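# An overview of the molecular structure
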Amino acid sequence: MKKSKDKNTEEQILAAAKSVFQAKGMDGARMQEIADKAGINKAMLHYYFRSKQLLFEAVFKNVFLLLAPQLNAILNDDSSIEEKIKNFTANYISFISQHPYLPNFIIQELNRNPEFILKFKNNKGFPDITKFKKKVADEVQQGVIKPIRAEQLFINILALNIFPFVAQPLIMAFTDLDNQAYQKLMEDRKTDAANFIINAIKNT
């Protein structure tokens, strides 16, 4: 008779895996360590998740589906482009500061498997920039912001928010910052990055 999977055990595994992945990343994490942290044996862990990759994807999905609806709501509300940039930047940096492994995992997976993100694209709440594009076009036409394609602006927003986390060791080395100083830099970046983008596109 086939064993049924217990929801509490699954959540326990995902919480343990998230902790280990945050501390050691995909490559440094070990299934045995995750099993130990979850308080189960390795065989039980493999019963729930057949491989480390599948476990990481499950952790990623849980976390990503917390972030994506927040960003989607910002992109699709009725606020101005300036407010969208400020809110997007503040929300993204706050979230990634709590889940620092996420950007590198996305980049790693996209390099290894470009279709990886398609697994999540059809999930409810996945960011949709259709309304954002219309808002950009409207504000360009009204003279509020300089002429720019919405796609280019969206890439600029993503790049200025994602890169500091992907390149954290490099940035810390170049700037001679310790972890505490780097975290303060990221906190300041919530306004600094947003203001940089806004000042670049705003008509004065």
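Residues numbered from 1 in each chain as written. Predicted model: local features only at pLDDT ≥ 70, side-chain atom pairs only at ≥ 80, totals over all residues. Heavy atoms only, no water.

An unreviewed UniProt entry lists the chain under the name Transcriptional regulator, TetR family, with Cellulophaga algicola as the source organism.

## Describing empty space enclosed by the protein
Over the atoms a probe the size of a water molecule is rolled, and this reveals where empty space is left. Rule in force here: Put simply, the grid is 1 Å and covers the protein atoms alone, a cavity is a trapped set of points that fit a 1.4 Å probe, a pocket is an open set with protein on both sides within 12 Å along at least five of seven lines, and lining residues have an atom within 4 Å of a point. Grid points are joined across faces, edges and corners, and a volume is the space filled by probe spheres set on the points. Runs of H or I in DSSP of at least four residues are treated as helices and runs of E of at least two as strands, each being numbered from the N terminus.
Tallied over the entire structure, the rule returns 1 cavity of 30 Å³ or more. Taken as a whole, the largest cavity encloses approximately 30 Å³ of empty space. If you trace the largest cavity, you find it lined by I74, L75, K84, I85, F88, F132, F154 and I157. Every element with two or more residues in the lining of the largest cavity is listed here: α4 (52-76), α5 (81-98) and α9 (150-166).

## Observations concerning the domain arrangement of the chain
The condition that has to hold: Each domain's limits were defined by an automated method or a database of domain assignments. Any two residues having at least one pair of non-hydrogen atoms within 4.5 Å are treated as being in contact. A quick way to say it: buried area is the sum, across both parts, of accessible area lost when two parts are put together, with a 1.4 Å probe. Salt bridges are defined as contacts in which a side-chain nitrogen from Lys or Arg sits within 4 Å of a carboxyl oxygen from Asp or Glu. Each polar contact in these results corresponds to two N or O atoms within 3.5 Å; when the atoms are within protein, one needs to be able to donate a hydrogen and the other to accept it, and residues that are neighboring in sequence are counted only if both atoms are side-chain atoms. Ten residues, namely Ala, Val, Leu, Ile, Met, Phe, Trp, Tyr, Cys and Pro, are considered nonpolar, four, namely Asp, Glu, Lys and Arg, are considered charged, and the remaining ones, Gly among them, are considered polar.
Parsing the chain into structural domains produces domain 1 (1-50) and domain 2 (57-201). In this structure, domain 1 and domain 2 have C-alpha centres spaced 30 Å apart. Between domain 1 and domain 2, the contact holds 8 residues from the first and 8 residues from the second. Taken over both partners, the interface formed by domain 1 and domain 2 buries close to 680 Å², and the fraction arising from carbon and sulfur atoms is 70%. Counting the surface domain 1 buries against domain 2, the share from its top three residues, L14, K18 and Q22, is 60%. Applying the counting rule to domain 1 against domain 2 returns 0 salt bridges. Across the domain 1-domain 2 interface, the total number found is 1 residue pair in polar contact (both at pLDDT 80 or more). Split into classes, the residues belonging to the side of domain 1 that touches domain 2 amount to 5 nonpolar, 1 polar and 2 charged.

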